[in-house]
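# Remarks on the overall topology
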Amino acid sequence: MPARNALLVVAHPRPDSLTARIADRARERLADDGFTVDVLDLHAEEFDPRMTTEDEPDWTDRDKTYSATTEAHMRRLAAADTIVVVFPVWWMGLPAILKGWIDRVWNYGFAYGRGRPRLHGKRILWFGLAGYSEDDFTSPGWDELLKRQLTEGISRFCGIDDATVHLLYGTVPNGTPAARHIAALLTTADADLTTLLTKSTT
Ligand SMILES: Cc1cc2nc3c(=O)[nH]c(=O)nc-3n(C[C@H](O)[C@H](O)[C@H](O)COP(=O)(O)O)c2cc1C
């Protein structure tokens, strides 16, 4: 079997957060499945999400060389067959550090703007953690908005057709003792990851 590489992107400031713990489960699951896993912890690597002049697209030059940081991140993204992004839902969207990573790295001429997109053929799993209950999140349609943004607005726009968005709801303890609440969520997340990563690698 050819070597398989995964890029696991984590967007949370606290290493012992539920987000980080679920990302670690994803890393284990990918490694068990034979992937070489490149863990990109955006906070630990002190990724700067602010757009710079150097990283602004030049619409007349799709072969533009971007900043050294961005070019290095592009190489990590290009090397991955499977991309897994684990993040908390903040204001119904992506945390700023993750949004900035998309802004700077998923850039013109690399991620989009070519007849044959360079990211085509990759798989991506967006695994988001939401504080709201499933009913509070889905009744007003927030799930559809977020899923559309991530699948259509980003993934498929960049040629990644195999894109899945999965949301784990009710992450904020609500009367239940925190330890028990987190243990239950980790059990759910484990089962979800098994289904999602097995499904996405067939
Ligand atoms: C700045 C901020 C914004 C948030 N916005 C939302 C939101 O829009 N919808 C939601 O369901 N939860 C929201 N939450 C709750 C987080 O999704 C929740 O704290 C997270 O999933 C828990 O995972 P963690 O323990 O790893 O942080 C927000 C939390 C923070 C800190």
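In this text, all values refer to a predicted model and were calculated from it rather than measured experimentally.

## What to know about the overall build of the chain
Along the chain, the regular secondary structure elements total 6 helices and 5 strands. The secondary structure elements of the chain, listed N-terminal to C-terminal, are β-α-β-α-β-α-β-α-α-β-α. Against the globule reference of 17 Å for 202 residues, the chain gives a C-alpha radius of gyration of 17 Å, in line with a compact fold. With respect to the three principal axes, the spread of C-alpha positions in the chain is 55 × 40 × 30 Å. A burial count over the chain gives 32% of its 202 residues as buried. Of all intrachain contacts in the chain linking residues separated by at least 6 positions in sequence, the fraction that spans at least 24 positions is 81%.

## Some details on the UniProt feature "domain: Flavodoxin-like fold" (unreviewed entry) in the chain
UniProt annotation of "domain: Flavodoxin-like fold" (unreviewed entry) refers to residues 5-189 when read in the numbering used here. For the annotated span residues 5-189, helix accounts for 37% and strand for 18% of the residues, and the straight-line distance between the end C-alpha atoms is 22 Å.

## Examining the site of the ligand
Near the ligand there are 16 residues, and of these S17, T19, L129, G131 and Y132 occur at the shortest range. In terms of residue class, the shell around the ligand is made up of 11 nonpolar, 5 polar and no charged.

## Let's talk about helix α1 (residues 18-32)
With 15 residues, α1 should cover 21 Å at 1.5 Å per step; its first-to-last C-alpha distance of 21 Å lies within 8% of that length. Regarding α1, the residues found buried are L18, T19, I22, A23, A26, R29 and L30. Projected down its long axis, α1 shows its buried positions confined to an angular sector of 135°, all on one face. Phi turns positive one or two residues past the end of α1, at G34, with a value near 95°.

## With respect to helix α3 (residues 96-105)
Each α-helix winds once per 3.6 residues, and so residues spaced three or four apart point in a common direction. Within α3, the full set of buried residues consists of L98, W101, R104 and V105. What you see down the axis of α3 is that its buried residues fit within an arc of 130°, all on one side. Elements that come into contact with the buried residues of α3 comprise α2 (68-79) and β3 (82-88).

## Comments concerning the environment of L42
Secondary-structure assignment places L42 in the loop between β2 (35-41) and α2. The exposure class of L42 is buried, given the 22 C-beta atoms found within 10 Å. When the C-alpha positions of L42 and H12 are compared, they lie 7.7 Å apart, and in sequence the two are 30 residues distant. Apart from the residues lying within four places of it in its own chain, the contact partners of L42 are V9, V10, A11, F47, I97, L98 and W101.

Scoring rules and cut-offs
- Residues numbered from 1 in each chain as written.
- Predicted model: local features only at pLDDT ≥ 70, side-chain atom pairs only at ≥ 80, totals over all residues.
- Helix = DSSP H or I, 4+ residues; strand = E, 2+ residues; numbered from the N terminus.
- Rg over C-alpha atoms; globule rule 2.2 N^0.38 Å.
- Buried ≥ 20, exposed ≤ 12 C-beta atoms within 10 Å, placed from the backbone.
- Contact = placed C-beta atoms within 7 Å.
- UniProt positions renumbered as here; feature names shortened; annotations may be inferred.
- Near = placed C-beta within 6 Å.
- Nonpolar A, V, L, I, M, F, W, Y, C, P; charged D, E, K, R; others polar.
- Expected span 1.5 Å × (residues − 1).
- Arc of directions from axis to C-beta.

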